[in-house]
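Analysis of the macromolecular model
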Amino acid sequence: MNRQKYQIWNADAFEWLPKRRSESIHAVVTDPPFGLVEYMPDQLRRLAEGKGGIWRLPHNYDGHQRSPMPRFTVLGPSDRAKLDHFHQRLAPLLHNVLVPGGHVIIASQNLLSHIVVGAFCGAGFELRGQIVRVVKTLRGGDRPKGAHERFPWVSVSPRSSWELWLIFRRPCEGRVRDNLEKWGTGALRRPADGTPFRDLIQSSPARGEERRIAPHPSLKPQAFMRQIVRAALPLGKGVILDPFMGSGATIAAAHHLGLSSIGLELHEEYFRLARRAIPALSRLNLDGSEPPSEDP
Ligand SMILES: C[S@@+](CC[C@H](N)C(=O)[O-])C[C@H]1O[C@@H](n2cnc3c(N)ncnc32)[C@H](O)[C@@H]1O
């Protein structure tokens, strides 16, 4: 297989995107900073100091240290307004750099996804579906704070067992078949010839080895990322962008699959982590059948 190269930039997506040529990206696969505040410097400091803030710091459990999770239920109206503003700016920028028929596959959250859908559809994208990543999390399911003994049979909200990813598409030029011919986009790639891409994907959290390679608080597993990155380019050609790459899970998946990609990360520490982690993540052999990739 022809191994494509990747480019990564220590850059603010909102500064980089307006400078990028229009219609030069074929798909976006990304996991944005969801509550926004969780990647602000004061919240990252609290996380590093073990003081929590928006980050829920789970106790040791069965001898395993669980990863911190952001608590989106603590977001107030002004945080939601900031999130709306963030996606109102992001969606038109992505629309401009994508070719017609280009997909955006974006991680979301069931309490906040309506904000993202509103912004993307307002910018001219079509909502094309959702992917449900079935994964056990520590989010929700708690008894009322300070009243665990008074109401032991109560959960304030459901314990979340799935993660939502939204699928948007920049409208095609003409019919899907014409768009596929002209731009190489407009549809999703099948995992195998006889099998359509499905919107329900069972996926464990990132494995211990992946976490050791890429200790980012929002690391997504290669087994899942490789499936959605592959689906994003129907003909297996073009450039995939992740404007919020964190430790580079999307870029590593693309590189493993021999696809060209570009990753952006604002924080220098995570950018340096991505630079180290991408070659190792892309080489991970998850089922023993995939050939290892070459480094760029
Ligand atoms: C949810 S994390 C992505 C983690 C990624 N899925 C992984 O597996 O490592 C979002 C990332 O976006 C970065 N970020 C936040 N604002 C940004 C911006 N304006 N431009 C580029 N990156 C940004 C954060 O520093 C964070 O690393």
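Above this text is the structure in question.
What this report covers is the structure whose coordinates are included nearby. This structure is a prediction, so every number in the text was calculated from the model and none was measured.

Focus on the sheet that holds strand β12 (residues 260-265)
Taken together, the eight strands give an open sheet; going across it, the order is β1-β12-β11-β2-β7-β9-β8-β10, and neighbouring strands pair in mixed fashion. Of all strands in the sheet, those bounded by a partner on one side alone are β1 (6-10) and β10 (200-202). For this sheet, the mean angle separating the axes of adjacent strands, direction not counted, is 20°. Note that strand β8 (residues 126-134) and β10 share three bridges and pair parallel. Residue pairing for β10: Val134 is matched across the bridge by Gln202. On the sheet, helix α3 (residues 77-97) packs against β2 (25-30), β7 (98-107) and β11 (239-242) and is oriented at approximately 140° with respect to β7. Where helix α5 (residues 176-183) meets the sheet, it contacts β2, β7 and β9 (162-169), and its direction lies at approximately 95° from that of β7.

Some thoughts on the nonpolar core
Among the nonpolar cores identified, the biggest contains 36 residues, and Val29, Ile131, Trp165, Met225, Ile228, Val229 and Ile240 are the most heavily contacted of them. Those elements that provide at least two residues to this core are β1, β2, β7, β9, α7 (222-232), α8 (249-256) and α9 (268-283). Tallying contributions element by element places α7 first for this core, with six residues. Setting aside residues no more than four positions away along its own chain, Val29 makes contact with Ile105, Trp165, Met225, Ile228, Val229, Ala232, Ile240, Leu241, Asp242 and Thr250. Counting 31 residues, the second largest nonpolar core, distinct from the first, contains Leu90, Leu98, Leu241 and Phe244.

A word on the packing of α7 against α8
The contact between α7 and α8 brings their axes to 9 Å, and the two run at 65°. On the basis of their axis angle, the class for α7 and α8 is roughly perpendicular. The handedness of the crossing between α7 and α8 is right-handed. Side by side, α7 and α8 meet where Gln222, Met225, Arg226 and Val229 of the first sit next to Ala249, Thr250, Ala252, Ala253, Ala254 and His256 of the second. When grouped by side-chain class, the residues that make up the contact of α7 with α8 number six nonpolar, three polar and one charged.

Details of the environment of Ile240
Looking at the element boundaries, Ile240 is found in strand β11. Under the relative-accessibility criterion, Ile240 is labelled buried at 0%. Contact partners of Ile240, with chain neighbours within four places excluded, come to Ala27, Val29, Val229, Ala232, Leu233, Thr250, Leu259, Ser260, Ser261 and Ile262.

Focus: the site of the ligand
Near the ligand you find 23 residues, and of these Asp31, His216, Ser247, Glu265 and His267 are the closest. A distance of 3.4 Å separates a nitrogen atom of the ligand from a polar backbone atom of Ser218. At 3.1 Å, a backbone N or O of Leu266 approaches a nitrogen atom of the ligand. In isolation the ligand offers 610 Å² of accessible surface; the protein chains occlude 96% of this area.

What about the pairing of β2?
Of all six residues making up β2, six are buried, and the element is well covered by its neighbours. Bridge count between β2 and β7: five bridges; the pairing is parallel. Its bridge partner lying in β7, Val29 is registered against Ile105. Across two bridges, the pairing between β2 and β11 is parallel.

A few points about unusual backbone geometry
If you check the backbone angles, Glu23 has positive phi at about 50° while not being a glycine. Its location among the elements puts Glu23 in the loop between α1 (13-16) and β2.

So, the packing of α8 against α9
Two numbers describe how α8 lies on α9: the axes approach to 8 Å, and their chain directions differ by 45°. Considered as vectors, α8 and α9 are oriented oblique to each other. In this structure, the crossing between α8 and α9 has a hand that is right-handed. Residues Ala249, Ile251, Ala252, His255 and His256 of α8 form the contact with α9, whose participating residues are Ile278, Leu281 and Ser282.

With respect to the packing of aromatic side chains
Using the criterion set out here, one finds eight aromatic pairs in the structure. Measuring from ring centre to ring centre gives 6.4 Å for Phe14 and Phe244, while their planes differ by 50°; the resulting arrangement is tilted. Of the two residues, Phe14 is situated in helix α1 and Phe244 in the loop between β11 and α8; the sequence distance between them amounts to 230 residues. Using a relative accessible area of 13% as the deciding quantity, one classes Phe14 as buried. With a centroid separation of 5.5 Å and 35° between ring planes, the pair formed by Phe86 and Phe244 is classed as tilted. With Phe86 in helix α3 and Phe244 in the loop between β11 and α8, this pair connects stretches of sequence that are 158 residues apart. Each member of the pair Phe86 and Phe244 is classed as buried. Linked through ring pairs, Phe14, Phe86 and Phe244 together constitute an aromatic cluster. Positioned over the ring face of Phe224 is Arg133, at 5.4 Å from the centre of the ring.

Rules behind the numbers
- Residues numbered from 1 in each chain as written.
- Predicted model: local features only at pLDDT ≥ 70, side-chain atom pairs only at ≥ 80, totals over all residues.
- Heavy atoms only, no water.
- Pairing = 2+ DSSP bridges.
- Helix = DSSP H or I, 4+ residues; strand = E, 2+ residues; numbered from the N terminus.
- Axes fitted to C-alpha atoms, helices over the stretch in contact; angles between N-to-C directions.
- Contact = heavy atoms within 4.5 Å.
- Core = buried A, V, L, I, M, F, W, Y, C linked by side-chain atoms within 4.5 Å.
- Buried < 20%, exposed > 50% of the residue type's maximum accessible area, 1.4 Å probe, protein only.
- Parallel < 35°, antiparallel > 145°, perpendicular 65-115°, else oblique.
- Left-handed = near helix turned anticlockwise from the far one by under 90°.
- Nonpolar A, V, L, I, M, F, W, Y, C, P; charged D, E, K, R; others polar.
- Near = heavy atom within 4 Å.
- Polar contact = N/O pair within 3.5 Å; in protein donor to acceptor, adjacent residues only side chain to side chain.
- Areas by Shrake-Rupley, 256 points an atom, 1.4 Å probe, with all protein chains shown as cover.
- Phe/Tyr/Trp six-rings, centres within 6.5 Å; stacked < 30°, edge-to-face > 60°.
- Lys NZ or Arg CZ within 6 Å of the ring centre and 35° of its normal.

Distances and angles like these do not, on their own, reveal function.
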